[in-house]
Amino acid sequence: MSRKDNSARTYGQTPYSPQLETLMLAEFANEPLTDFTVPADRQAMGAALERARGEFGRAWPLAIGGERVTTGAWIESFDPCQPDRVVGRVAAADRGHAEHALNAAWQAFADWSRWTPAARAGVLLRAAALLRRQKHDFSATLVYEAAKTWVEADADTAEAIDFLEFYAREALRLAETQPLTPVAGEHNELVYLPLGVGVVIPPWNFPLAIALGMTAAVLVGGNCVVLKPASLTPVIAARFVDLLEAAGLPPGVLTFLPGSGAEIGDFLVEHPRTRFIAFTGSRAVGTRLYERAARVQPGQRWLKRVVAELGGKDAIVVDETADLDAAAEGIVASAYGFQGQKCSAASRAIVLGAVYADVVQRVAERTEALRLGPAEDPATQVAAVIDGGQYRTVLDYLDVGRREGRLVLGGEPAREPDGSAGWYIQPTIIADVPEDARIAHEEIFGPVLSVLRATDFAHALRVANNTEYGLTGGVYARDRRRLEQARAEFAVGNLYFNRKITGALVGAQPFGGFNLSGTDSKAGGRDYLQLFLQAKVTVERF
Ligand code: NAD
């Protein structure tokens, strides 16, 4: 960052002034992933895990208006691989805290909204640098709090760094003079202004990348945030709130407000002083929140913006021209990475009849070889699911799946009866699943793959599109005409050919889904920041 950044931190300037003070920035590039076969990196991660264990049980207060507040009520965060281990606990807010939080955030908005874009971007860039330095410590928290394997945790942290770097640059781009058609005798100008105070509600499955990404995008535009972290992963959120403050975010701009959806979720969403909501999570919660946010409350002076990214029932199609080994590899990586708990996870494989048996066999061989175990073990490829609730939900679906299709592999818990050994479920394949089966339509969010047979490629696409969702999808084929047909007809926000369907890269593969997968906000893309800004046009005749 250039020296100019310090001078840019001046107050009282017009927000989004076209006279942008510049930051010397290299072009955005994705953060490299760690190669844990390198002994030094392996040791560094091992040491970070030890430090994380040393912090088990630590208590984190709320952060409201720049003050740390304890409430007497706590939310405990457990290690899914060893649920008797308390990773940490956070103070639980009630409605009184939520009311106070909104008021304090609006107070902070008066100042933060007037920082120059360069100064705000500077906070994100410093946060990225700090996060890069401490990346294994953040990843270690993800290993224990979310049961992410080393590789998955490292990818989550790298993506969080990407969001900070990318959105900082985007804020600077949007602060430039915006192109308008010239009109003789008039000067026309368009500037992007922040909306105000919004509520950010992230899911637990990318508790660093998505939660920090949404928060950073909202903040860098000059908005203030009330962050209600997911109750299963609040510790990593508490850590990044501290990180942003260490990077220079003024106290009060970001409120840390853990609490139950029932107690404070609806309250924040319905509150007349909430200007917008950035939500990522399930279809059930997202649609409820969308409806509630639409109602204009007494005293409310705006229509609330709602960005809602929801679930998926993502499919990979394999035809007879495909490289079947590559297809099997991609299906297994997409279905079982992070125990299938990704919105982008492949939960359906749709395979043409001629290669059906062959693909099922290749997928089963690779799935059987996956190593199940505690996330802290670097050799583990599949760890525990997030908690007891999700564990029971997945097991219920396995019962349904046994009735609806043919169990090829797995289908059982992999857990000690005394309950101490973690919420493990065997990676499962259910084949011969009919098109109208529940497990072909409902998001399971666990290590369960349904395999469906298609008669021809057109049929495969019809089956793929036979869902209320439309998030990710994939095709393994060598036939160019079929790939082009899929490009035109496969109704998903993120479509992949001849590769896995998870792991979208910030900047390269903006992410968001169609239909009931959400508002297609394309996180990590050039359309994202504007969702939290409003454009003002000033026309001067001379
Ligand atoms: P969830 O809907 O249960 O919870 C999401 C968030 O909403 C959490 O922070 C939760 O505490 C909060 N919440 C719950 N009730 C609330 C209420 N009444 N008011 C306000 N907030 C409330 O989802 P989850 O289990 O955390 O995450 C998994 C889901 O997220 C899956 O469906 C997955 O597909 C989806 N997801 C989607 C994307 C995407 O980009 N489309 C990315 C990741 C996850």
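Residues numbered from 1 in each chain as written. Predicted model: local features only at pLDDT ≥ 70, side-chain atom pairs only at ≥ 80, totals over all residues. Heavy atoms only, no water.

Caption draft 1: Structural view of the domain arrangement of the protein chain. Partitioning the protein chain into structural domains gives domain 1 (8-17 + 34-310 + 521-541) and domain 2 (314-506). Computed over C-alpha atoms, the centres of domain 1 and domain 2 are 31 Å apart. Each side of the interface is counted separately: domain 1 has 30 residues, and domain 2 has 33 residues. Carbon and sulfur atoms make up 63% of the area that domain 1 and domain 2 hide from each other, which totals about 2,400 Å². Between the two partners, domain 1 and domain 2, sit 4 salt bridges. Of the charged contacts in the structure, one is a salt bridge between Arg53 and Glu376, with a shortest N-O distance of 3.6 Å. Linking domain 1 with domain 2 are 9 residue pairs in polar contact (both at pLDDT 80 or more), by the criterion used here. Elements supplying a minimum of two residues to the side of domain 1 that touches domain 2: helix 2 (39-54), strand 5 (82-91), helix 5 (135-146) and helix 6 (150-175). (Domains from an automatic or database assignment. Contact = heavy atoms within 4.5 Å. Buried area = accessible area lost by both parts, 1.4 Å probe. Salt bridge = Lys/Arg side-chain N within 4 Å of Asp/Glu carboxyl O. Polar contact = N/O pair within 3.5 Å; in protein donor to acceptor, adjacent residues only side chain to side chain. Helix = DSSP H or I, 4+ residues; strand = E, 2+ residues; numbered from the N terminus.)

Caption draft 2: Summary view of the environment of Ala216. Note on placement: Ala216 falls in helix 7 (residues 209-220). Taking the relative accessible area as the measure of exposure, Ala216 reaches 0% and is therefore buried. With 49 residues separating them in the primary sequence, Ala216 and Tyr167 have C-alpha atoms 7.2 Å apart. (Buried < 20%, exposed > 50% of the residue type's maximum accessible area, 1.4 Å probe, protein only.)

Caption draft 3: Up close: the site of the ligand. Every one of the 26 residues lining the ligand counts as a neighbour, but Pro202, Trp204, Ser282, Leu310 and Glu443 are closest to it. Here an oxygen atom of the ligand and a side-chain polar atom of Trp204 are 2.8 Å apart. Against a free-state accessible area of 850 Å², the protein chains account for coverage of 87% of the ligand. Every element with two or more residues in the shell around the ligand is listed here: helix 9 (261-270), strand 10 (276-280) and helix 10 (283-294). Tallying contributions element by element places helix 9 first for the shell around the ligand, with 3 residues. Among the residues forming the shell around the ligand, the class breakdown is 14 nonpolar, 7 polar and 5 charged. Residues lining the shell around the ligand come from more than one domain, with at least three contributed by each of domain 1 (8-17 + 34-310 + 521-541) and domain 2 (314-506). (Near = heavy atom within 4 Å. Areas by Shrake-Rupley, 256 points an atom, 1.4 Å probe, with all protein chains shown as cover. Nonpolar A, V, L, I, M, F, W, Y, C, P; charged D, E, K, R; others polar.)

Caption draft 4: Main features of the sheet that holds strand 15 (residues 428-431). On the basis of which strands lie adjacent, the open sheet formed by 7 strands has the order 14-15-16-13-12-17-18 and mixed pairing. The two strands at the open ends of the sheet, each matched to only one other strand, are strand 14 (406-409) and strand 18 (494-497). When strand polarity is set aside, the average angle formed by the axes of neighbouring strands in this sheet is 20°. In this structure, strand 14 lies alongside strand 15, joined through 3 bridges in antiparallel fashion. By the bridge assignment for strand 15, Leu407 is matched with Ile430. The sheet strands contacting helix 11 (residues 324-336) are strand 12 (314-318), strand 13 (346-352), strand 15, strand 16 (448-454) and strand 17 (472-476), and the helix crosses strand 12 at an angle near 170°. (Pairing = 2+ DSSP bridges. Axes fitted to C-alpha atoms, helices over the stretch in contact; angles between N-to-C directions.)

Caption draft 5: Up close: the nonpolar core. Within the largest apolar cluster, 147 residues are counted, with the highest numbers of intra-cluster contacts made by Leu164, Tyr167, Leu227, Phe240, Leu244, Leu257 and Ile350. It is helix 6 that contributes the most residues to this core, 12 residues altogether. Domain assignment of the residues forming this core places at least three in each of domain 1 (8-17 + 34-310 + 521-541) and domain 2 (314-506). Counting residues in each nonpolar core, the second largest holds 33 residues, with Tyr336, Val360, Leu370 and Tyr476 among its members. (Core = buried A, V, L, I, M, F, W, Y, C linked by side-chain atoms within 4.5 Å.)

Caption draft 6: Quick peek at the side chain of Lys304. With respect to the helices and strands, Lys304 occurs in the loop between helix 10 and strand 11 (305-309). Of the side chains with opposite charge, Glu270 comes closest to the buried, unpaired Lys304, at an N-O distance of 7.7 Å. Looking at Lys304, its side chain comes within polar contact range of the side chain of Gln300, at 3.5 Å. Those residues in contact with Lys304 that sit more than four places away from it in its chain are Val269, Glu270, His271, Pro272, Thr274, Arg275, Ile277, Ala293 and Gln297. (Lys, Arg positive; Asp, Glu negative; His and termini not counted.)

Caption draft 7: Quick look at the pattern of salt bridges. Taken as a whole, this structure holds 34 salt bridges when the rule is applied. The salt bridge involving Glu329 is made with Arg366; its shortest N-O contact spans 3.2 Å. Placement of Glu329 in helix 11 and of Arg366 in helix 12 (residues 356-368) is noted, with a sequence separation of 37 residues between them. Look at Arg366 and you get partly exposed, because its relative accessible area is 23%. For Arg406, the salt bridge goes to Asp432, with nearest N and O atoms at 2.8 Å. With Arg406 in strand 14 and Asp432 in the loop between strand 15 and strand 16, the pair connects residues that are 26 residues apart, well separated along the chain. Residue classification places Arg406 among the partly exposed positions, given a relative accessible area of 40%. Asp432 gets classed as partly exposed once you look at its relative accessible area, which sits at 33%.

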